[in-house]
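Observations on the three-dimensional arrangement
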Amino acid sequence: MADQYQYNSNEEKIVKDSHTKEIDLINRDPKQINEDVVKVDFEDVIAEPDGTHSLDGVWKLSYTTFTVSKYWCYRILSAVFGIPIALLWGFLFACISFCHIWAVVPCIKSCLIESQCIGRIYSLCIQTFCDPFFEALGKIFSSVRVALRKEV
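From a predicted model like this one, the values you see are computed outputs, not experimental measurements.

1. A closer look at the overall build of the protein chain
A count of helices and strands for the protein chain gives two helices and two strands. For the protein chain, the N- to C-terminal ordering of α and β elements is β-β-α-α. A total of 152 residues make up the protein chain; the buried ones form 1% of that total. By sequence separation, contacts in the protein chain at least 24 residues apart represent 12% of the contacts at least 6 residues apart. If you sum the accessible surface of the protein chain, you get close to 14,800 Å²; carbon and sulfur atoms cover 65% of it.

Okay, here's the thing in C-alpha cells:
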C-alpha cells in the first residue's frame, strides 16, 4: 500500500498513511501555479497619473477599502464554496484517474499489440510481393545509361 513506516525511540513501528501528509500553511502555492494569475494588488488596478491626484485621505482610504474587501471577500467565498468545490474537483480528478487507469491505458496497449501484429503482416507482404518486383525493375533499368549533350 501507500503507507510509510517510522520508528520511535522504543523501536515501535508507527504507520503513517500517505493520504494524511502534513500541509504547509505558510507557502500554500509551493509549485507556483497561480503566481501570475491572481496576484493583483491595488497598484495593479487603480493608479492616478501625475497631475491627477485625489486627496491623500481618499487615496489611503481607497487603498485600505480595496485591500480589506478583497481579503475578506476571498475568505468568505473560500469558506462558503471552498469545501464543496474541493469535493467536486476531487471527484472529477478521481473520475479522470479511473478512466485513464481502467480505459485509456488498456486501450492504448491493445492498439499497440494489434498494430505490431498488423505491422508484421504488412512487412511480410512487402517482402513477399514488392521486394522481388522492385528488384526485377532495378535489374531491368540498371543497364539504362543517360547522357546529356549540350548543343549550341
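2. What about a nonpolar patch on the surface?
A cluster of nonpolar side chains, V68, Y71, W72, I76, L77, V80, F81, I85, W89, L92, F93 and I96, forms an exposed patch at the surface whose accessible area comes to about 1,200 Å². Relative to the assigned elements, F81 resides in helix 2 (residues 56-141). Overall, F81 belongs to the partly exposed group, its relative accessible area being 45%.

3. Brief notes about the packing of aromatic side chains
Considering all chains together, one arrives at seven aromatic pairs under this definition. Ring geometry for F42 and F66: centres 5.6 Å apart, planes at 65°, overall edge-to-face. Of this pair, F42 sits in helix 1 (residues 42-45) while F66 sits in helix 2, and the two are 24 residues apart along the sequence. The buried category is assigned to F42, whose relative accessible area is 2%. The ring of W72 carries R75 above its face, with NZ or CZ at 5.9 Å from the centroid.

4. A closer look at helix 2
The end-to-end C-alpha separation of helix 2 is 93 Å, well short of the 128 Å expected for 86 residues at 1.5 Å each. The largest bend along helix 2 reaches roughly 50° and is located at F81, with the proline P84 sitting one to four residues downstream.

5. Overview of the state of the cysteines
Per the stated rule, a full pass over the model turns up zero disulfides. Here C125 is not cross-linked by a disulfide; its sulfur's nearest cysteine counterpart is in C130, at 8.5 Å. Among the residues examined, C125 registers a relative accessible area of 37% and is labelled partly exposed.

About the thresholds
- Residues numbered from 1 in each chain as written.
- Predicted model: local features only at pLDDT ≥ 70, side-chain atom pairs only at ≥ 80, totals over all residues.
- Heavy atoms only, no water.
- Helix = DSSP H or I, 4+ residues; strand = E, 2+ residues; numbered from the N terminus.
- Buried < 20%, exposed > 50% of the residue type's maximum accessible area, 1.4 Å probe, protein only.
- Contact = heavy atoms within 4.5 Å.
- Areas by Shrake-Rupley, 256 points an atom, 1.4 Å probe, with all protein chains shown as cover.
- Patch = residues over 30% accessible without salt bridge, like charges linked within 9 Å, V, L, I, M, F, W, Y side chains within 5 Å.
- Salt bridge = Lys/Arg side-chain N within 4 Å of Asp/Glu carboxyl O.
- Phe/Tyr/Trp six-rings, centres within 6.5 Å; stacked < 30°, edge-to-face > 60°.
- Lys NZ or Arg CZ within 6 Å of the ring centre and 35° of its normal.
- Expected span 1.5 Å × (residues − 1).
- Bend = angle between axes of the 7 residues up to and from the residue.
- Disulfide = S-S within 2.5 Å.

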